[in-house]
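# Overview (structure and organization)
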Amino acid sequence: MDNLTIREGFLGQRMIVLPKKIKAKLKTNEIARYFYVTDLGYYPNANHHFRQRAKGAKEYIFIYCTEGEGWLQIGNEKKVKVLPNHYFIIPKNEKHSYGAHHENPWSIYWLHFNGISADTFFRRYDLNSNKVVSIPFSGQRISVFDQIFETLDGGHLDLQMEFACMTSLNFLNTFIYHDISMSINLNNHKNLIDSIKEFLNKNLDKSLSANDIANEFDYSPSYIFSVFKKSTGYSLMYFFNLKKVQKACEYINYSNLSIKEIAYKLSFQDPFYFSRLFKKYMGVSPRLYKNDL
């Protein structure tokens, strides 16, 4: 018999358990049947959290700890400590138990998955792991998990379910194949390039010079410019202005801001210069672009 202890829930907890009819539908969906999610959630500061399944679960269980501590026991093996940035996958139909540390309870993201490819996917994890795996934190993973949750929370249409299941597979891929991804990034400077892109996208509301960008990463401007151009095909400032123009397109499409307000919002003090730059990238002025919507 399952044994579950959650006293009074956890402040801020989020959880989705798909109905049986939806799970049955996923098993026959031409896309989702290969890999699908049945339950998922987030338990922050999960005080008194404890789960025990004497006969295991019908699905694989993935748990990722971001804060605090917990523990895991599979079968009759010794308990394993779980710390921040540790994750593990519990095989289906196998006795197990896990829980939060009584003084420093964990915060966890979790999901149950199954499907035609689930057994093979689990073997990829089991081949290279010692049950509990340490992995660097990435805010992007959390954003992807939130996207999965919001999709499933919004409805159960076929397209929504397929998207959520494929996104869930991609989410887990960032854990299972992390070492491969990192080795590729290190070999071709993508870590640095991705960091630069992220920095630029977060500062589209600022007026940055090429030197400002180079100084942010503590490299010489010539090195930054050379590596960036070689990796992307764009000069640094061309790319930055391109992202500003693309952001302007978003504002034009999804807000009621005037062209002048958008220019100021993207740190262009001269709206006429902004319009000329917009036309250079988009082929039409912002006003004509807006009129064509």
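Residues numbered from 1 in each chain as written. Predicted model: local features only at pLDDT ≥ 70, side-chain atom pairs only at ≥ 80, totals over all residues. Heavy atoms only, no water.

### Side note on the overall build of the protein
- Helices and strands together make up the secondary structure of the protein, namely 12 helices and 11 strands.
- With the principal axes as the frame, the protein shows a C-alpha extent of 70 × 45 × 35 Å.
- Counting every position in the protein, which comprises 293 residues, the buried fraction comes to 44%.
- Here the analysis covers contacts within the protein between residues at least 6 apart in sequence; of these, 70% occur between residues at least 24 apart.
- About 16,500 Å² of surface is accessible on the protein, with carbon and sulfur atoms providing 50% of the total.
- Averaging the coordinates of the 37 positive side-chain charges in the protein and doing the same for the 28 negative ones gives two points 3 Å apart. (Helix = DSSP H or I, 4+ residues; strand = E, 2+ residues; numbered from the N terminus. Buried < 20%, exposed > 50% of the residue type's maximum accessible area, 1.4 Å probe, protein only. Contact = heavy atoms within 4.5 Å. Areas by Shrake-Rupley, 256 points an atom, 1.4 Å probe, with all protein chains shown as cover. Lys, Arg positive; Asp, Glu negative; His and termini not counted. Charge placed at Lys NZ, Arg CZ, Asp CG, Glu CD.)

### Remarks on helix α11 (residues 271-282)
- Counted at 1.5 Å a residue, the expected span for α11 with its 12 residues is 16 Å, and the 16 Å between its end C-alpha atoms agrees.
- Buried within α11 we find Pro271, Phe274, Leu277, Phe278 and Tyr281. Relative to the axis of α11, the buried residues are bounded by an arc of 120° and lie together on one face. The exposed residues of α11 that point more than 90 degrees off its buried face are Phe272, Arg276 and Lys280.
- Here the buried face of α11 lies against α9 (236-254), α10 (259-265) and α12 (286-291).
- Capping the start of α11 is the job of one residue whose side-chain oxygen sits 2.9 Å from the backbone nitrogen of Phe272: Asp270.
- The positive-phi residue at the C-terminal boundary of α11 is Gly283, with phi of around 85°. (Expected span 1.5 Å × (residues − 1). Arc of directions from axis to C-beta. Polar contact = N/O pair within 3.5 Å; in protein donor to acceptor, adjacent residues only side chain to side chain.)

### A look at the UniProt feature "domain: HTH araC/xylS-type" (unreviewed entry) in the protein
- The positions UniProt marks with the feature "domain: HTH araC/xylS-type" (unreviewed entry) are residues 194-292.
- End C-alpha to end C-alpha, residues 194-292 measures 33 Å, and it is 73% helix and 0% strand. (UniProt positions renumbered as here; feature names shortened; annotations may be inferred.)

### Some remarks on the side chain of Asn241
- Relative to the helices and strands, Asn241 is located in helix α9.
- In contact with Asn241, other than residues within four places in its own chain, are Phe268, Leu277 and Tyr281.

### Some thoughts on the sheet that holds strand β2 (residues 14-17)
- The strand order across the open sheet formed by six strands is β2-β3-β10-β5-β8-β11, and the pairing between neighbours is antiparallel. On the outer flanks of this sheet lie β2 and β11 (133-134), each paired with one strand and no other.
- Along the sheet face, helix α1 (residues 20-28) touches β2 and β3 (36-43) and points at about 130° away from the line of β3.
- Helix α3 (residues 139-154) contacts β2, β3, β5 (60-67) and β10 (107-114) of the sheet and is inclined by roughly 50° relative to β2. (Pairing = 2+ DSSP bridges. Axes fitted to C-alpha atoms, helices over the stretch in contact; angles between N-to-C directions.)

### With respect to the packing of aromatic side chains
- Using the criterion set out here, one finds 30 aromatic pairs in the structure.
- Measuring from centroid to centroid gives 5.6 Å for Tyr43 and Trp110, while their planes differ by 55°, and the two rings are tilted. Of this pair, Tyr43 sits in strand β3 while Trp110 sits in strand β10, and the two are 67 residues apart along the sequence.
- Accessibility expressed as a relative area gives 7% for Trp110, which makes it buried.
- Note on Phe62 and Tyr87: the rings are 5.9 Å apart at their centroids and 35° apart in plane angle, and the pair reads as tilted. Separated by 25 residues along the polypeptide, Phe62 in strand β5 and Tyr87 in strand β8 (residues 86-90) bring together distant segments of the chain. (Phe/Tyr/Trp six-rings, centres within 6.5 Å; stacked < 30°, edge-to-face > 60°.)

### What to know about unusual backbone geometry
- Non-glycine residue Asn85 carries a positive phi angle of around 70°.
- Following the sequence through the fold, Asn85 ends up in the loop between β7 (80-82) and β8.
- In this model, Ser267 sits at a positive phi of 70°, which is unusual for a non-glycine residue.
- Here Ser267 shows up in the loop between α10 and α11.

### Re the nonpolar core
- Judged by nonpolar contacts, the single largest core of 54 residues is most densely connected at Phe62 and Phe113.
- The leading source of residues in this core is helix α4 (residues 158-176), at seven residues.
- Not counting the four nearest positions on each side in its chain, Phe113 is found in contact with Phe35, Tyr36, Val37, Glu59, Tyr60, Phe62, Ile89, Ala118, Phe121 and Leu172. (Core = buried A, V, L, I, M, F, W, Y, C linked by side-chain atoms within 4.5 Å.)

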